[in-house]
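# Geometric and topological summary
Below, each chain spelled out in residue letters.
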Amino acid sequence: MASLLCLSLLAAAAAATSPGRLVPFDLLYADGVRAYLARDWARAAELLQRALHSYAGLRAARRACRAACARQEPFPGGPGRWEAALLGPVLQRAGCLQRCLGRRLRPAPSAHRASRAVRRDFERREPYNYLQVAFFQLKKLDQAVSAAHTFFVANPQHLQMREDIEKYRRMSGVKSDSFQDLEATPHWEAYETGVQHYDADEYLQAVARLEESLSEALSALEECRALCEGPWEDEDEEEKMQPGLYEAIAAHYIQVLKCRQQCVLEIATKPGRISATEDFIPSHLDLLQFAYSQVGNQTLAAECAASYLLFYPTDEAVLEKMKEYRTELGEDAAVTARQSIQHYVQRSLMEKKLIYYAVEHLGETFNDPDLWTPDELIPENLKQKYREDQEKQKRETLDMEEREKRGPLPFEGIAVTMDSQQMNGTQRVVFDRVLTESECKDLLRLTKAAGEAGDGYRARRSPHTPHERFEGLTVLKAMQLAQNGDVEWRDAKLLLQASEKSRKIIESYFTPGKKLHFSFTHLVCRRAVDGEQEGRMDLSHPVHADNCLLDPEGQECWKEPPAYVYRDYSGILYLNDDFQGGGLFFTEMDTVTVTAEVHPKCGRLVAFSSGKENPHGVWAVSRGRRCAIALWYTHSQEHAEQERVKAEELMEQGAVEQDQPDGDKHRSSRSSSAPRAPSRASKTADQRQKPGLDRKQHPKVLRARDEF
């Protein structure tokens, strides 16, 4: 069924490019949403599909017309006055576009100029969100699953869709091949498969998929560039004075050039991500030259190396490889870069030169998407900013080296049980004897309140797995319970004191002299659900990183929302060990190769930096109840935990009340609760050496599991 939907979308897109009436997609979309809200599922499904067809048809028509008019009305390069030589053909091209679009987009093409908000919905695949519900209500499960999966691929942070996908996976009758991306980009699938073959030293297969990816990526780039020749869009158009002829031409032309330059980021950004893969086109050539050399095709290896040198002409490693290739092929052998890559680089440099002129003389701004842009093209004032950024990065590196000179721990009796070297990683440590047995018991007594009055993540009792019940208590909630007499003041106060003690230990070990602020503090327990453990294959908490979104397939960690990108260090202070499972483990970027494990026990504190270098997860709690204080820290004062300030005020107020005579205590005011800060999982990147992944291998591998 899902394949029929996919074919129908493609067929409609093809049909939309032929002459005939094409209803504007934003009108269809609005009608579809209205039908959806009226619970008219059949009508909603029909209109939303037609909206998607119209949107695809509109884009196809624009691409086809612009390509056709470029052939029919080419700009002449001969001599003559620029008005006649340039603007005459421009007007002819404009007329060609009007006629072509008029034939393909009946009624008038202007009817298809949708608002930014509606276009953004289609870019984010929002219609599929509506479609999946409509198909579900119509009992068309396969189509509902395909629509849901298509939306989720582009919106992996959407919590409700994540839950819906999990429900679909558990439904009987849902086929695994229904989970397909109906708008998948061919070059990404080929690229990721090619990199996997490359990492596995399967170079013949890698060559085939990487060549396919490069070809598809260059095609996608041309399609993106064609769509840049749209209307001039100015956010502050109404507030600005309308420009004159030359300014308007220049401004619109530079807008088109900048859009074309940004197309490389569009094709290099995996659906669902914000950040692009750096050097996407050059990295293909780098990988291909090595792979071709491994399969014995030195001619193509040399061609790819020569193509790569167009981007980085001083790369010593590739220059050395070129010498080897020339020696093997013979000095007389002609080795040239690929024609398509030469055209790509020359055109890009021409556009950059014009854009940087506008930056320097017309007050334009430009975020260059490429790392390989030659230094001589960049205006001097921008070079200065670049040098300042480099200097800042150098200082941060020196700061990191300084942190390696650990200061003394601020408390006696605490032992470092494992350091980074023993844990096969960086910025990791385990401390013991942070709490006494008596303190652990007092805090465990406080956790009973979490089971009755506490919170899960966003009030969900099983946020990570249905096989466990999650209970949590924030520092503010604990103080409010103490104020109401539901828990002991000393227990709530101990939660604040234990977390502060942990902060001082972690700060002195990792960042001596640099203040760490609390980002979030959570007293958490995970309880195994009786009768739900047999045949269990999932984890208590899936592998993640704490300040970025882990992408194991792409070997990246995207430092972008919804991850808490401002978090710098994380800690877990364990309170008990009378349960089964529940250990913390660290992995490589692949999320399955375990590098270290930490077994919980009373008073044990594990601390680590929150970034891509420390992917971690929690083994399933299969019996009993595991309790700990989860701690996150930040160097950014603006992101400091506000609930903690309120909790400390309540603690001081409680101390005053306890010093008052009994008759005066009832006059103390009670504070209203502040909103709890949510807590989320995040996800991670590596560097290439081979050119490839520089990754340590460890023997222990996790069992297969459903990451959802």
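Just so it is clear, the model here is predicted, and its values are computed rather than measured.

What follows concerns the sheet that holds strand S2 (residues 428-432). One open sheet accounts for seven strands, arranged S1-S2-S12-S8-S15-S4-S3; its pairing is antiparallel. This sheet does not close on itself; its edge strands, each paired only once, are strand S1 (415-418) and strand S3 (468-474). When the angles between neighbouring strand axes are averaged without regard to direction, this sheet yields 25°. The sheet contacts of helix H18 (residues 475-483) involve S3 and strand S4 (517-528), and relative to S3 the element is tilted by about 75°.

It is worth spelling out the state of the cysteines at this point. One pass over the structure, following the stated rule, counts six disulfides. Here cysteine 440 engages in a disulfide with cysteine 602; their sulfurs sit 2.1 Å apart. When the S-S torsion is 95°, as for the bridge of cysteine 440 with cysteine 602, the disulfide is right-handed. Taken as a pair, cysteine 440 in helix H17 (residues 437-453) and cysteine 602 in the loop between strand S11 (594-598) and strand S12 (605-609) lie far apart in primary sequence, 162 residues in all. Just as cysteine 440 is buried, cysteine 602 falls in that class too. The side chain of cysteine 525 participates in a disulfide bridge whose partner is cysteine 627; the two sulfur atoms lie 2.1 Å from each other.

Inspection of the entire model under this criterion finds 31 salt bridges. One salt bridge connects arginine 445 with aspartate 442, and the closest N-O pair in it is separated by 3.1 Å. Separated by three residues within a single helix, arginine 445 and aspartate 442 lie in helix H17, roughly one turn from each other. Judged by relative accessible area, which is 34%, arginine 445 ranks as partly exposed. Among the ionic contacts, a cluster of salt bridges with common partners joins Arg225, Glu229, Arg260 and Glu351.

This next bit is on the packing of helix H2 (residues 25-37) against helix H5 (residues 116-123). As a packed pair, H2 and H5 sit with axes 11 Å apart at the nearest point and diverge in direction by 75°. Accordingly, the angle class assigned to the pair H2 and H5 is roughly perpendicular. Mapping the contact onto sequence places Phe25, Asp26 and Tyr29 in H2 and Val118, Arg119, Asp121 and Phe122 in H5. Per-class residue counts for the contact of H2 with H5 are four nonpolar, no polar and three charged.

Summed over the entire model, instances satisfying the criterion amount to 26 aromatic pairs. Between tyrosine 36 and tryptophan 41, the aromatic rings sit 5.4 Å apart at their centres with planes inclined by 80°, giving edge-to-face as the arrangement. Accessibility expressed as a relative area gives 18% for tyrosine 36, which makes it buried. Ring geometry for phenylalanine 586 versus phenylalanine 608: centroids 5.2 Å apart, planes at 85°, classification edge-to-face. One end of the pair, phenylalanine 586, is in strand S10 (residues 584-587); the other, phenylalanine 608, is in strand S12, and 22 residues separate them in sequence. With relative accessibility at 0%, the residue phenylalanine 586 sits in the buried group. Joined through ring pairs, the aromatic side chains of Phe25, Tyr29, Tyr36, Trp41, Tyr55, Phe122 and Tyr130 make up one cluster.

Burial of S4 is extensive: eleven of the twelve residues sit out of reach of the surface. Where S3 and S4 come together, seven bridges link them in antiparallel fashion. Bridge pairing links phenylalanine 470 to arginine 526 in S4. Across ten bridges, S4 lies against strand S15 (residues 625-634) in antiparallel orientation. From the neighbouring strand, phenylalanine 520 faces S15, where its bridge partner is tryptophan 632.

Moving on, we get to a nonpolar patch on the surface. A surface patch of nonpolar side chains, about 320 Å² in accessible area, is lined by Leu245, Tyr246 and Ile249. Mapping isoleucine 249 onto the fold places it in helix H11 (residues 245-267).

Keep in mind that most residues, glycine aside, have a negative phi and that most peptide bonds are trans. The residue aspartate 201 is not glycine, and still its phi comes out positive at about 60°. You can see aspartate 201 is positioned in the loop between helix H9 (186-199) and helix H10 (203-226). Under the relative-accessibility criterion, aspartate 201 is labelled partly exposed at 48%.

Residues at a pLDDT of 70 or more form 80% of the protein chain, whose mean pLDDT is 81. In the model, residues 1-18 has pLDDT below 50 throughout and makes 33 contacts with residues more than four positions away in sequence or in other chains. Below a pLDDT of 50 lies the segment residues 693-708, which in the model reaches 51 contacts outside its immediate sequence neighbourhood of four places, other chains included.

Calculation notes
- Residues numbered from 1 in each chain as written.
- Predicted model: local features only at pLDDT ≥ 70, side-chain atom pairs only at ≥ 80, totals over all residues.
- Heavy atoms only, no water.
- Pairing = 2+ DSSP bridges.
- Helix = DSSP H or I, 4+ residues; strand = E, 2+ residues; numbered from the N terminus.
- Axes fitted to C-alpha atoms, helices over the stretch in contact; angles between N-to-C directions.
- Contact = heavy atoms within 4.5 Å.
- Disulfide = S-S within 2.5 Å.
- Buried < 20%, exposed > 50% of the residue type's maximum accessible area, 1.4 Å probe, protein only.
- Salt bridge = Lys/Arg side-chain N within 4 Å of Asp/Glu carboxyl O.
- Parallel < 35°, antiparallel > 145°, perpendicular 65-115°, else oblique.
- Nonpolar A, V, L, I, M, F, W, Y, C, P; charged D, E, K, R; others polar.
- Phe/Tyr/Trp six-rings, centres within 6.5 Å; stacked < 30°, edge-to-face > 60°.
- Patch = residues over 30% accessible without salt bridge, like charges linked within 9 Å, V, L, I, M, F, W, Y side chains within 5 Å.
- Areas by Shrake-Rupley, 256 points an atom, 1.4 Å probe, with all protein chains shown as cover.
- pLDDT = per-residue confidence, 0-100.

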